[in-house]
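These are the residues of each chain, in order.
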Amino acid sequence: MIGLISATAAGAAARDRLAAARPDRTRVYEGPVGDAVRAAFAECEQLVCFLATGAVVRLIAPLLGDKTTDPGVVCVDEGGRFAVSLVGGHGGGANELAREVAELLGAEPVVTTATDAVGLAGLDTLGLPVEGAVAAVSRALLDGEPVALEAELRWPLPALPVAAQGAYTIRVTDRAVEPGEREVVLRPPSLVVGVGASRGAPVEEVLELVEGALRDAGLSPASLAELATVDAKADEPGIVRAAERLGVPLVTYSAEELAAVDVPNPSAAPLAAVGTPSVAEAAALVRGGELLVPKRKSAASPAMATCAVVRRPARGRLAVVGLGPGARDLLTPRAEAELRRASVLVGLDQYVDQIRDLLRPGTRILESGLGAEEERARTAVAEARKGQAVALIGSGDAGVYAMASPALAEASDDIDVVGVPGVTAALAAGALLGAPLGHDHVSISLSDLHTPWEVIERRVRAAAEADLVVTFYNPRSRGRDWQLPKALAILAGHREPATPVGVVRNASRPDESARVTTLADLDPATVDMMTVVTVGNTATREIAGRMVTPRGYRWQEEPK
């Protein structure tokens, strides 16, 4: 919960805007400011104070205890100009909260945490349990000192400016090792414990078994990702409460799924009880991995619980990111976040140049020129299969005439794939032209490099006969100068010469241009590969210099 505190009418107005935007996450604290701050500090995970920073510093100073448990505090000035991350930038989430509040209120976020200021990923913000000398290793990264990455487990981490060797170390491991004096240990959620239990097994017995299995195998409980069992035990109190106390989800599988898993220690007892010869081992192994601890029984007599421990391999992550048509303010926040999350970026060189400044230090960039789409897709998938966090970029929306298709054709289910939508060229052009896509429409690429012209022509004829608004991508190049006239001639057989046509070049970029002409007057020689051509349907009209395609509702046809 986010506590909201204000002292003046101006602050209350901004406070109420934030409360209205996030009603499920915020709580307004009324009354004397000092009392309100103290109450919110004790009850909330985060605070937003619409007060001067000096006042907030004095109010919260006696309340501060430990940065790992204190709430994050953000200050917003009376004019609503700045959202300042004051306390708990990383641990309390104040940095992200400052950005969120600033976006909602139209303010400027102020984040002074050293790593954020220079674009480094904070070691305590990676979403993994972290132990050791976080401050010292972070300082070494900031100062450019060599910091070695020792990844005993490959895991899709954001970019870090690490070296092969160094006086400081970042270790990625699920083993129960103590970090050294100049070392940070990151604990990836790589361990799965399969659990079986008799009816009424005590939670203490289940916990003792699980914790003992991890301890005896030299594994860290911080890397425990989940407990797994058979569906029939989904409501078994001892297992459910053990998962709760360990702070991990309980995942269940059907007896049929578990019976299909090859295990080293099958047994007739669970087969008779729940329909599978293995619960603990099968539930741990059902999604693959390395069996580290075979089935073992609890120490009680009679034993009422069994468990097995598996290390699952890291799944690489491929984000296919649409950058939009080119303008920075049309790059979505989600796309920007994925660029910062990636340790490897794959893309066309000119697109890489557009967003190079958004990448974190240490990001490995694999760029290539025009015509290497399949090679880029293969490279991105191969890097993800190595356990990397990869961003594969394309212009517009990555799923529209861009990189998503070849990448997903190359990828299998051994990696996680995330699609990040972007503003397409057709949408950017349509916004400049007016509302040409107000009814049914279609996009057709006139490039016959990947599609035979016979197929393209058949699609153009179908669109013409169906009276669809048509947006032509890749309309004309020096080597392909006849396809656009041919396509326009096909449409002209079904539409009037005065049909509006929009011609947009470099939509959203500094040299953008847009004009509305007609099907009869369009000169194909004025069009190139940086242009999008939108041809209206029989209902499209030019109104005040803009293309408008009616939605076709009856009220539009009624006389005023």
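Rules behind the numbers
- One numbering rule holds for all chains: residues counted from 1, following each sequence as written.
- Confidence filtering applies because this is a predicted model: local features only for residues at pLDDT of at least 70, side-chain atom pairs given and counted only at 80 or more, and all residues used for totals across whole chains, interfaces and linings.
- Hydrogens and water molecules were not included; the side-chain quantities draw on all heavy atoms of the structure.
- Two strands qualify as a pair provided that DSSP identifies no fewer than 2 bridges between them.
- Segments assigned H or I by DSSP are reported as helices when at least four residues long, segments assigned E as strands when at least two residues long, and all are numbered from the N terminus.
- Pairing of aromatic rings covers Phe, Tyr and the six-membered ring of Trp, with a centre-to-centre limit of 6.5 Å; geometry is then stacked below 30 degrees between planes, edge-to-face above 60, and tilted otherwise.
- Accessibility here uses a 1.4 Å probe with only protein chains present; expressed as a share of the type maximum, an area under 20% marks a residue as buried, one over 50% as exposed, and anything in between as partly exposed.
- Residues are called lining when one of their atoms sits within 4 Å of a cavity or pocket point, these points coming from a 1 Å grid over the protein atoms alone, where a cavity is a set in which a 1.4 Å probe fits but cannot get out and a pocket is an open set with protein on both sides within 12 Å along at least five of seven lines.
- Grid points are joined across faces, edges and corners, and a volume is the space filled by probe spheres set on the points.
- Asp, Glu, Lys and Arg are counted as charged, while Ala, Val, Leu, Ile, Met, Phe, Trp, Tyr, Cys and Pro are counted as nonpolar; the rest, among them Gly, fall into the polar class.

Caption draft 1: Molecular detail of the sheet that holds strand β27 (residues 541–543). Across the sheet, which stays open at both edges, the 3 strands sit in the order β21-β28-β27 with mixed pairing between neighbours. Each end of this open sheet is capped by a strand with a single partner; those strands are β21 (434–435) and β27. Alignment of β21 against strand β28 (residues 546–548), held across 2 bridges, turns out to be parallel. Residue pairing for β28: A435 is matched across the bridge by V548.

Caption draft 2: Molecular detail of the packing of aromatic side chains. On inspection of all chains with the given rule, the structure shows 2 aromatic pairs. On the numbers, 4.8 Å between centres and 55 degrees between planes, the contact of Y401 with Y473 is tilted. One end of the pair, Y401, is in the loop between β19 (389–394) and α15 (404–410); the other, Y473, is in strand β23 (residues 469–473), and 72 residues separate them in sequence. Residue Y401 is classed as partly exposed on the basis of its relative accessible area, which comes to 43%. Note on Y473: relative accessible area 10%, which makes it buried. Look at W453 and W482: their rings are 5.0 Å apart centre to centre, the planes differ by 70 degrees, and that puts the pair in the edge-to-face class. Of this pair, W453 sits in helix α17 (residues 453–465) while W482 is found in the loop between β23 and α18 (483–492), placing the two residues 29 residues apart along the sequence.

Caption draft 3: Representation of the layout of surface pockets within the structure. Of the pockets and cavities examined, the largest pocket occupies roughly 1,700 Å³. Lining the largest pocket are 45 residues, with E96, T125, A337, R341 and R360 sitting closest to its centre. Looking at the lining of the largest pocket, the elements that each hand over two or more residues are α4 (94–105), β6 (108–110), α5 (114–117), β12 (224–230) and α12 (333–341). Taken together, the residues of the lining of the largest pocket sort by class into 20 nonpolar, 8 polar and 17 charged. The calculated volume of the second largest pocket comes to roughly 1,400 Å³. Residue lining of the second largest pocket: 44 residues in total, with Y351, S395, Y401, N474 and M529 positioned closest to the centre. Elements with a contribution of two residues or more to the lining of the second largest pocket: α13 (349–355), α14 (373–385), β19, α15, β22 (441–445), α17 and β26 (531–535). Classifying every residue of the lining of the second largest pocket by side-chain character gives 20 nonpolar, 17 polar and 7 charged.

That is the geometry; function is a separate question.
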